[in-house]
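For reference, the chains in residue letters:
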Amino acid sequence: GAGVSQSPSNKVTEKGKDVELRCDPISGHTALYWYRQSLGQGLEFLIYFQGNSAPDKSGLPSDRFSAERTGGSVSTLTIQRTQQEDSAVYLCASSLRPPTDEETQYFGPGTRLLVL
Amino acid sequence: QKEVEQDPGPLSVPEGAIVSLNCTYSNSAFQYFMWYRQYSRKGPELLMYTYSSGNKEDGRFTAQVDKSSKYISLFIRDSQPSDSATYLCAMKPSWGKLQFGAGTQVVVTP
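Attention in this report is confined to the structure presented alongside it.

Criteria and thresholds
Residue indices follow the written sequence of each chain, beginning from 1 at its first position. Chains and ligands are labelled by the order in which they are written, letters from A for the one and numbers from 1 for the other. The predicted origin of the model limits local features to residues at a pLDDT of at least 70 and limits the giving and counting of side-chain atom pairs to 80 or more, whereas totals for whole chains, interfaces and linings rest on all residues. The side-chain numbers reported here are obtained from all heavy atoms of the structure, hydrogens and water having been left aside. One requirement defines pairing of two strands: DSSP has to find at least two bridges between them. For helices the rule is a DSSP run of H or I covering at least 4 residues; for strands it is a run of E covering at least 2, with both sets numbered from the N terminus onward. Axis geometry follows a simple rule: fit a line to the C-alpha atoms, using only the stretch in contact for helices, then measure angles between N-to-C directions, giving values from 0 to 180 degrees. Aromatic contacts are taken between Phe, Tyr and Trp rings whose centres are within 6.5 Å, Trp giving its six-membered ring; a plane angle under 30 degrees counts as stacked, one over 60 as edge-to-face, and the others as tilted. Burial classes follow relative accessibility: with a 1.4 Å probe on protein chains only, a residue under 20% of its type's maximum area counts as buried, one over 50% as exposed, and anything between as partly exposed. Counting as a charge over the ring demands two things of the Lys NZ or Arg CZ atom: a distance within 6 Å of the ring centre and an angle within 35 degrees of the ring normal. What makes two residues a contact is simply this: any of their non-hydrogen atoms within 4.5 Å. Pairing of N or O atoms within 3.5 Å defines a polar contact, subject to two protein rules: one partner must be a possible hydrogen donor and the other a possible acceptor, and residues neighboring in sequence count only if both atoms are side-chain atoms.

**Details of the sheet that holds strand E7 (residues 75-79) of chain A**
Residues and elements named next belong to chain A.
Right, on to step 1. Ordered by their spatial adjacency, 4 strands build an open sheet running E1-E3-E7-E6, and the pairing between neighbours is antiparallel. Looking at strand neighbours, the two that pair on one side only are strand E1 (5-7) and strand E6 (65-69), the edges of this open sheet. Strand-to-strand, the axes of this sheet are offset by a mean angle of 15°, without reference to chain direction.
Right, on to step 2. Looking at chain direction, strand E3 (residues 19-24) and E7 are connected through 5 bridges and run antiparallel. Within E7, the position partnered with Val-19 by the bridge is Ile-79.

So, in structure tokens, the structure goes:
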């Protein structure tokens with residue numbers, strides 16, 4: 001079946017502009033995660049959605065970052081007033097279960113964001 | 001200090017050699033240990049999944065967990081150029097978010 005998809009694949013923007021990144025999780029997956037991957041760094045957790053529960057926003061680096069998940073499916077990560085340090089690969093992952101013992105996350109290909 | 005430490009490499013080996021990767025961690029609550037493989041310009045994909053201590057083997061891949069030393073390893077036997085990728089370790093407690101290492105870039109030369 002279809003995996004996790006993300007769009008756009010690449011995004012180049014100017015400093016100060018807003019950007020929206022989209023994630024389509026695997027159908028039926030209740031959990032959705034956003035991560036940021038910078039060069040030479042591991043995956044940095046940003047935000048987590050589980051069903052209809054309030055999202056875990058503990059990883060968002062500043063109030064310029066926000067995300068929503070509509071209808072328990074598609075998610076959008078928005079970065080306002082982008083800065084050069086926001087340049088990174090933004091990865092989305094989904095899983096069938098909450099983060100319990102046997103959870104397996106499936107990742108999309110990522111969106112490569114470059115802020116000039 | 002990061003909860004999960006992983007040498008970023010790059011690690012270059014000739015085809016057919018054994019690739020040895022490892023991570024150390026500080027959180028004794030971690031119970032589940034994973035290795036992800038990430039090809040260039042792709043998302044990570046789960047390679048191995050191990051619970052608690054011990055070994056797990058899957059084809060050419062062997063994962064080891066030593067909880068007493070807070071140390072995990074991944075071995076790739078008979079390495080192939082197609083194994084060239086970044087390998088990320090990840091771990092989590094029974095309930096909680098995955099913590100990832102920085103990833104080790106592996107290059108297998110023909």
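**Some remarks on the packing of aromatic side chains**
Right, on to step 1. Under the counting rule described, the total for this entry stands at 12 aromatic pairs over all chains.
Right, on to step 2. Consider the rings of Tyr35(A) and Phe100(B), whose centres lie 5.5 Å apart with planes at 85°: the pair is edge-to-face. Of this pair, Tyr35(A) sits in strand E4 (residues 31-37) while Phe100(B) sits in strand E10 (residues 99-100), on two different chains. For the pair Tyr35(A) and Phe100(B), a shared accessibility class is recorded, and that class is buried.
Right, on to step 3. Through successive ring pairs, a cluster of aromatic residues spans Tyr33(A), Tyr35(A), Phe45(A), Tyr48(A), Phe107(A), Tyr36(B) and Phe100(B).
Right, on to step 4. The aromatic ring of Phe45(A) is capped on one face by Lys97(B), whose charged end is 4.8 Å from the ring centroid.

**A short note on the pairing of E4(A)**
Residues and elements named next belong to chain A.
Right, on to step 1. Across the 7 residues that make up E4, a large majority, 7, are buried.
Right, on to step 2. Burial of the side chains of E4 extends over both faces: Ala-31, Tyr-33, Tyr-35 and Gln-37 are buried on one face and Leu-32, Trp-34 and Arg-36 on the other.
Right, on to step 3. The pairing of E4 with strand E5 (residues 43-50) spans 7 bridges and is antiparallel. Across the sheet, residue Ala-31 finds its bridge partner in E5, namely Gln-50.
Right, on to step 4. Linkage of E4 to E5, two consecutive antiparallel strands, is achieved through a turn of 5 residues, within which Gly-40 is found at a positive phi near 75°.
Right, on to step 5. Relative to strand E8 (residues 88-95), E4 runs antiparallel, the two sharing 7 bridges. Paired with Ala-31 across the two strands is Ser-95, which belongs to E8.

**A look at the environment of Tyr90(A)**
Residues and elements named next belong to chain A.
Right, on to step 1. By the element assignment, Tyr-90 lies in strand E8.
Right, on to step 2. Look at Tyr-90 and you get buried, because its relative accessible area is 0%.
Right, on to step 3. Taking C-alpha positions, Tyr-90 is 6.5 Å from Arg-112, a pair spaced 22 residues apart along the chain.
Right, on to step 4. The residues touching Tyr-90, leaving out its near neighbours within four places in the chain, are Gln-6, Leu-21, Trp-34, Tyr-35, Arg-36, Leu-46, Phe-65, Leu-77, Ile-79, Gly-110, Thr-111 and Leu-113.
Right, on to step 5. In terms of polar contacts, Tyr-90 uses its side chain to reach the backbone carbonyl oxygen of Asp-86, at 2.7 Å.

By themselves these figures say nothing about function.
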